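One-letter residues, chain by chain:
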Amino acid sequence: MLAIFGLPSLLEGPRLEDQTESRLTAAQTQDRIDAVLATRALVTAFQPIYSLETRTVVGAEALTRIVSSPVRSPETWFAEAASIGRGLDLEFLAMATALRAAGQLPESVYIAVNLSPQACLDPRLTDILLKSGLPPRRIVVEITERAAVPDYAPLLLALAELRRSGLRIAVDDAGAGFASMRHILRLRPELIKLDRSIVAGIDDDRSKRAFVAAMVTFAEETSAGLIAEGVETQSELAAVAELGINSAQGYFLGTPSVSAAKWLGWTQLSTAGPAPGQQ
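Rules of the game
Residues numbered from 1 in each chain as written. Predicted model: local features only at pLDDT ≥ 70, side-chain atom pairs only at ≥ 80, totals over all residues. Heavy atoms only, no water. Phe/Tyr/Trp six-rings, centres within 6.5 Å; stacked < 30°, edge-to-face > 60°. Helix = DSSP H or I, 4+ residues; strand = E, 2+ residues; numbered from the N terminus. Buried < 20%, exposed > 50% of the residue type's maximum accessible area, 1.4 Å probe, protein only. Lys NZ or Arg CZ within 6 Å of the ring centre and 35° of its normal. pLDDT = per-residue confidence, 0-100. Contact = heavy atoms within 4.5 Å. Salt bridge = Lys/Arg side-chain N within 4 Å of Asp/Glu carboxyl O.

Draft legend 1. Quick look at the packing of aromatic side chains. Per the stated rule, a full pass over the model turns up one aromatic pair. Residues Phe46 and Trp263 carry aromatic rings whose centres are separated by 4.8 Å and whose planes lie at 80° to one another, so their mutual orientation is edge-to-face. Highlighted residues: Phe46 in strand β1 (residues 42-51) and Trp263 in helix α11 (residues 260-272), separated in sequence by 217 residues. For Phe46, a relative accessible area of 0% corresponds to the buried category. Across from the ring centre of Trp77, 4.3 Å away, lies the NZ or CZ of Arg72, which sits over that ring. Here Arg168 stacks its cationic end above the ring of Tyr110, 4.8 Å away from the centre of that ring.

Structure (structure tokens):
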């Protein structure tokens, strides 16, 4: 037995108080997630996506905000839900909430919602899309990287059915990791979203500009649209536009908002003609 200088034996296993704390934490997690799902304690913030050709708002990404205690990031809530087997339930609640809110957006604007590959295989997805009342052409599903895809065949089959209805697929965080590039090659999305890590400082980084130039060529060859995420300065916007990127979003162009009046304002302002970032 190792008990030298008060250190517990490695053979003794977890202490009783550690096991009790673990059970309490699991129970608290279950209670928190159950409460969010039962009360639908979340709202949708939309962030505008601009066409750099027409300078108008063409899309809006739906970003989930969970209004429950404790106050934490949405990523933390989704990870916690997944840890107790309720991850898909929270994803679908977030999607249904976003599509319902999207009814207040102009009909010319598409809605981008984030879904894991596992959610795309779930039969509940079709029901949610049908109940939303939105035409599939206005919906873009952004494939997230919350879990690995061991076999792309079932996912490709499920997405093919959705695409036949007019729905489009986007791959998020391109350039941030190997998984996103693998998604691009296997899923052949209609839209590719360049990660903020690539866009940040692109106006002063030759390597990033070379990478984006290569992605522009790739997108042209595969008939995909490119969206620069996380544009935060006029110089970054000018750089991505000069490289030939179709669309952009970011704090310089418009911050996420839960205000329907502001959503309408994005389109009214862009239609009037001011340059993105100056409204």
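Here the narrative resumes.
Draft legend 2. The confidence of the model for the protein chain, seen in detail. This prediction gives the protein chain a mean pLDDT of 86; 85% of its residues lie at or above 70. Here α11 is the element of the protein chain with the lowest mean pLDDT, 71, and helix α3 (residues 87-101) is the one with the highest, 97. Contacts from residues 1-14, a stretch scored under 50 in pLDDT, to residues over four places away or in other chains number seven contacts.

Draft legend 3. Expanded view of the pattern of salt bridges. Enumeration over the complete set of coordinates arrives at 13 salt bridges. Put simply, Arg196 and Glu232 hold a salt bridge, and the shortest N to O gap is 3.3 Å. With Arg196 in helix α8 (residues 196-199) and Glu232 in the loop between β7 (225-228) and α10 (234-243), this residue pair connects regions lying 36 residues apart in the sequence. Residue classification places Glu232 among the partly exposed positions, given a relative accessible area of 43%. Between Arg196 and Glu236 there is a salt bridge whose closest N-O contact spans 2.9 Å. Of this pair, Arg196 sits in helix α8 while Glu236 sits in helix α10, and the two are 40 residues apart along the sequence.

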